[in-house]
Amino acid sequence: MEEKKTNEAPQAVWNAAEAKMSFFRRPITNKRPEAEPMTLAEVYDYVHGLKVMPETVFLRSLETHNEARAYKGNNFDYVTPSGVFSYCADQNLLEHSQLLCMDLDDLGSRTEELFAALLADPMFETLLLFRSPSGNGLKWFIHIDLERCDHRTWFRAVRNYLMTTYRLSEKQVDGQCANPSRACFLGHDPEAYLNPELIKKTKTTESL
């Protein structure tokens, strides 16, 4: 039987190690990214390293939400996990990373329980997972297939899944993070997780 020929090029396979996101230096009011985007491995190196350990420790010592929010906005660098941007705004997206970062807040005593549960989640494979700068939440990075549905549809579906599966409230799974340009602050987490099967570290970001 003669093989059917086609002019269609084979679809490129998404590679987690090559996914890129924009990096922004503090404060949060800075909306212009660094020239070089970051990979998941580079974000892991940044969070796992010691660069912002003093700021993270101080943030967690603050007693009021308003104090902590102001300090975090002024003293922590951030990334846009869902892509590379020319400016931190949805309309300035240059390339989507096909990553989604779910921001889990106000977890309290459940933080470590949920850290372990997300690593074992049967529905989504964890690419990167670390504790938020406050120490009271988690940043969960997963892959989303944009050929199946768009970014915001994925966000709503994953948010509903997390609330249902892990008995989380609407407040704990931040509903304000649906936009692709949503910022993710980078604190210090010496026990951050990087998926060893999908990600190959290419370089350190200790010099950032």
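Residues numbered from 1 in each chain as written. Predicted model: local features only at pLDDT ≥ 70, side-chain atom pairs only at ≥ 80, totals over all residues. Heavy atoms only, no water.

### Overview of the side chain of Ser181
Along the chain, Ser181 falls in the loop between α5 (151–166) and β8 (184–185). Within the local environment of Ser181, its side chain forms a polar contact with the side chain of Asp90, the two groups lying 2.5 Å apart. Setting aside residues up to four positions removed in sequence, Ser181 forms contacts with Thr80, Phe85, Cys88, Ala89 and Asp90. (Helix = DSSP H or I, 4+ residues; strand = E, 2+ residues; numbered from the N terminus. Polar contact = N/O pair within 3.5 Å; in protein donor to acceptor, adjacent residues only side chain to side chain. Contact = heavy atoms within 4.5 Å.)

### Section: the packing of aromatic side chains
For the coordinates displayed, the defined rule picks out 8 aromatic pairs. Here the aromatic residues Phe24, Tyr78 and Phe185 are joined through ring pairs into a cluster of three or more. Here the basic side chain of Arg131 rests over the ring of Phe115, its NZ or CZ set 4.0 Å away from the ring centre. (Phe/Tyr/Trp six-rings, centres within 6.5 Å; stacked < 30°, edge-to-face > 60°. Lys NZ or Arg CZ within 6 Å of the ring centre and 35° of its normal.)

### Overview of the sheet that holds strand β7 (residues 138–143)
Spatial ordering of the open sheet is given by β5-β7-β6-β9, a layout of 4 strands whose pairing is antiparallel. If you trace the sheet from one side to the other, it starts and ends with β5 (99–104) and β9 (193–194), each paired once. With 4 bridges joining them, strand β6 (residues 128–131) and β7 adopt antiparallel strand pairing. Following the sheet pairing, Leu129 is matched in β7 by Trp140. Relative to β6, helix α1 (residues 40–48) is tilted by about 20°, and along the sheet it contacts β5, β6, β7 and β9. Lying on the sheet, helix α4 (residues 111–119) is in contact with β5, β6, β7 and β9; it crosses β6 at an angle near 180°. (Pairing = 2+ DSSP bridges. Axes fitted to C-alpha atoms, helices over the stretch in contact; angles between N-to-C directions.)

### Description of the pairing of β6
Burial along β6 is two-sided: the residues Leu128 and Phe130 and Leu129 and Arg131 are all buried. With antiparallel pairing between neighbouring strands as the criterion, β6 and β7 make up a hairpin whose turn holds 6 residues, including Gly135 at a positive phi of roughly 80°. (Buried < 20%, exposed > 50% of the residue type's maximum accessible area, 1.4 Å probe, protein only.)

### Structural notes on α4
Three or more residues of α4 are buried, namely Thr111, Leu114, Phe115 and Leu118. Each buried residue of α4 lies within a common arc of 110° when the element is viewed along its axis, so the set occupies one face. Tucked into the core, α4 has its buried residues touching β5, β6, β7, α5 and β9. (Arc of directions from axis to C-beta.)

### A word on α1
Residues that lie three or four places apart on an α-helix share one face, since the helix turns once every 3.6 residues. Across the 9 residues that make up α1, a large majority, 8, are buried. Residues of α1 that are buried: Leu40, Ala41, Glu42, Val43, Tyr44, Asp45, Tyr46 and Val47. On the buried face of α1, the contacting elements are β1 (22–24), β2 (78–80), β5, β6, β7 and β9.

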